[in-house]
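# Structural description and commentary
Spelled out, the chains give:
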Amino acid sequence: MSIDPGLLVAGMFAILFFGVLTGFPLALPIGGAGMIFGYLIFGESSFDMIYARVFAQLTSTGFMAVPLFVFMGGMLERSGIAGKMYESLYLVFGKVRGGLAIVSVIIGTIMAACIGVVAASVSMLTLVALPVMVKRGYDKGLATGSICAAGTLGILIPPSIMLIVYGPAAWISVGKLFSAAFGPGIMLSVMYIIYIAVRSHLQPSIAPSASQEEQDSYTGLQKLMLVVKSLLPTLALILAVLGAIYTGIAAPTEAAAVGAVVSALLTAAYGKFSWKVLKDVSLSTIKLTGMVLLIAACSTAFVSVFLAGGGGDVIESFILGFPGGKWAVFWVVMLITFILGAFIDWVGIIFVLIPILAPIIPKLGFDPLWFAMMIIVNLQMSFLTPPFAYAMFFLKGTADPALGIETKDIIRGMLPFVGIIAIGLALMIVFPQIVLWLPSKM
């Protein structure tokens, strides 16, 4: 049957939002909308079209990197490396007010370049850093906020799973996305540290420094050796994986395979490897990868029918004819992305929204790589913005109840970091070379 493209757009998104708001798992309303409207417009032939496109999407080599990087992150999470880095860096930054929170951001930044999964990063930092900060008398909001903000850097700093998923959806090289994300990721990390240092200086009571006795327990040389011993294995892994990608020696998938093997060897070297660890990491990898691929398959069905039925032309006409020019369109897209991020998982947003927007972005005059980073940094805020602030739930679920961490403490701590990310987005607009400089040198 013939369906007006405008009605198609309204109907498919109505099914999607109704399904999400009534509590269905995200994949079901996305895939359901695609199957229903595909059958109504194209009949039984729609199933062949959907199958062919889903098969091509799921068997692309780019997706092979997802389970490999997830496995690498899972192994490193159980290796105990983060705990050793935390202990050594605390000796260096202990005299600084807010030193423990600053160390949390530094560890989060380093591990973001190894793990790439927010759940693992936030959970790891919660176990390692939160009890120490609460014991030292840190404000619970500052402690939890710094952990959540640092943990979410894993979705931006390579090798991020979000970057791997975004690349095929927008027809952009994952390697280019990796190089483009490095600048914004480091920028946000530095901004977090500056905020913690300034606020701790203005409000000394919320972040006390370490005692002189603790600082005198090691000599300067001993501190240096502890830092080198704790950082060297992780930095070697980062350089091996990301260095191979940035220099063109290996594709992200090949580098991910190397990283998976090396992370297992590091876990064994630290005495943490066992068959139980291998089993647990493998199962968590299968679960997360399965979730990503299921949403990818259902989203491909949605987008295939949406574009074949003329929905893409409707969106393009609306966007190109929007009053106020390309910057008005830009802010509308960013607002929509921000709102969706508070209610829908980022995987679904990328797989549904990006294939529709990707052909339109160059016509507006935006660099696709720069625009991709704006979307990705925007989606990073979704992990810190209620009601579905995933970082909040990861921290709350991992924290020891004896610490007395309440949801209001976490929200109060996260909100300043949401503001910092917004400032970071503004800086990326004013200075696009934050995103584009490194890719231009690759």
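Bear in mind the structure is a predicted one, so any value in this text is a computation, not a measurement.

Turning our eyes to something else, we now look at the overall build of the chain. Helix and strand content of the chain: 23 helices and zero strands. For 442 residues, the compact-globule formula gives about 22 Å, and the C-alpha radius of gyration of the chain, at 22 Å, lands near that figure. Projecting the C-alpha coordinates of the chain onto the three principal axes gives extents of approximately 80 × 45 × 45 Å. Looking at the chain as a whole, 55% of its 442 residues are labelled buried. At a minimum sequence separation of 6, the contacts of the chain that also span at least 24 residues come to 82%. Taking the average place of the 22 positive charges on the side chains of the chain and the average place of its 18 negative ones, the gap between the two points comes to 9 Å.

Turning next to the environment of Glu77. With respect to the helices and strands, the residue Glu77 is situated in helix α4 (residues 65-79). What makes Glu77 partly exposed here is its relative accessible area of 27%. Residues Glu77 and Ala169, 92 residues apart in the sequence, show an inter-C-alpha distance of 28 Å. Apart from residues lying up to four places away in sequence, Glu77 is in contact with Ala120, Ser123 and Met124.

Moving on, we come to the packing of aromatic side chains. In total, this model carries 20 aromatic pairs according to the counting rule given. Centre to centre, the rings of Phe13 and Phe306 are 5.6 Å apart; their planes meet at 85 degrees, and the pair counts as edge-to-face. Of this pair, Phe13 sits in helix α1 (residues 5-21) while Phe306 sits in helix α15 (residues 275-308), placing them 293 residues apart in sequence. The partly exposed category is assigned to Phe13, whose relative accessible area is 21%. Classification of Phe306 by relative accessible area gives buried; the value is 0%. Aromatic pair Trp327 and Trp370: ring centres 6.2 Å apart, planes at 80 degrees, arrangement edge-to-face.

A word on the side chain of Ser263. Inspection of the secondary structure assignment puts Ser263 in helix α14 (residues 252-269). Setting aside residues up to four positions removed in sequence, Ser263 forms contacts with Phe71, Met72, Met75 and Leu76.

Another point: a nonpolar patch on the surface. On the surface, a nonpolar cluster with roughly 780 Å² of combined accessible area is contributed by Phe17, Leu21, Leu335, Phe338, Ile339, Phe343, Phe388 and Phe393. At the level of elements, α1 and α17 (325-341) are the ones that each hand at least two residues to the nonpolar patch. Examining the composition of the nonpolar patch, we find that three residues originate from one element, α17, more than from any other. When you line up the elements, Phe338 lands in helix α17.

The geometry of a pair of packed helices is captured by two quantities: the angle between their axes and the separation between those axes. Between helix α9 (residues 140-152) and helix α21 (residues 390-398), the least distance of the axes is 10 Å, while the angle of their chain directions is 120 degrees. For the element pair α9 / α21, the angle class is oblique. Considering the relative orientation of α9 and α21, their crossing is right-handed. Two secondary-structure elements touch here, α9 through Thr144, Ile147, Cys148 and Thr152 and α21 through Ala391, Met392 and Leu395. Residues that form the contact of α9 with α21 fall into these classes: five nonpolar, two polar and no charged.

With that settled, the discussion passes to the nonpolar core. Counting residues in hydrophobic clusters, the biggest one holds 157 residues, and the most contacted among them are Tyr166, Trp346 and Met373. Ignoring anything within four residues of it in the chain, the contact list for Trp346 reads Ile155, Ile161, Met162, Val165, Leu379 and Phe383. Phe71, Met75, Ala260 and Val281 belong to the second-largest nonpolar core, a separate cluster that totals five residues.

This next bit is on the pattern of salt bridges. Per the counting criterion, the structure on display carries five salt bridges. Salt-bridge contacts for Asp139 lead to Arg412; the nearest nitrogen and oxygen are separated by 3.2 Å. Of the two residues, Asp139 is situated in the loop between α8 (130-135) and α9 and Arg412 in helix α22 (residues 407-430); the sequence distance between them amounts to 273 residues. Classification of Arg412 as partly exposed rests on a relative accessible area of 39%. Where Arg412 meets Asp409, a salt bridge forms, and the shortest distance between an N and an O atom there is 3.3 Å. On the criterion of helical spacing, the pair formed by Arg412 and Asp409 is a turn pair, its members being three residues apart in helix α22. Taking relative accessible area as the criterion, Asp409 reaches 10% and is therefore assigned buried.

Now for unusual backbone geometry. A cis amide bond, omega 5 degrees, links Pro158 with the succeeding residue Pro159. Structurally, Pro159 is set in the loop between α9 and α10 (161-170). If you check the backbone angles, Trp171 has positive phi at about 60 degrees while not being a glycine. Its relative accessible area of 60% is what places Trp171 among the exposed residues.

Here we come to the confidence of the model for the chain. Per-residue pLDDT for the chain averages 85, and the proportion of residues at 70 or more is 97%. Averaged pLDDT values for the elements of the chain fall to 58 in helix α12 (residues 212-215) and rise to 93 in α22.

Definitions and limits used
- Residues numbered from 1 in each chain as written.
- Predicted model: local features only at pLDDT ≥ 70, side-chain atom pairs only at ≥ 80, totals over all residues.
- Heavy atoms only, no water.
- Helix = DSSP H or I, 4+ residues; strand = E, 2+ residues; numbered from the N terminus.
- Rg over C-alpha atoms; globule rule 2.2 N^0.38 Å.
- Buried < 20%, exposed > 50% of the residue type's maximum accessible area, 1.4 Å probe, protein only.
- Contact = heavy atoms within 4.5 Å.
- Lys, Arg positive; Asp, Glu negative; His and termini not counted.
- Charge placed at Lys NZ, Arg CZ, Asp CG, Glu CD.
- Phe/Tyr/Trp six-rings, centres within 6.5 Å; stacked < 30°, edge-to-face > 60°.
- Patch = residues over 30% accessible without salt bridge, like charges linked within 9 Å, V, L, I, M, F, W, Y side chains within 5 Å.
- Areas by Shrake-Rupley, 256 points an atom, 1.4 Å probe, with all protein chains shown as cover.
- Salt bridge = Lys/Arg side-chain N within 4 Å of Asp/Glu carboxyl O.
- Axes fitted to C-alpha atoms, helices over the stretch in contact; angles between N-to-C directions.
- Parallel < 35°, antiparallel > 145°, perpendicular 65-115°, else oblique.
- Left-handed = near helix turned anticlockwise from the far one by under 90°.
- Nonpolar A, V, L, I, M, F, W, Y, C, P; charged D, E, K, R; others polar.
- Core = buried A, V, L, I, M, F, W, Y, C linked by side-chain atoms within 4.5 Å.
- pLDDT = per-residue confidence, 0-100.

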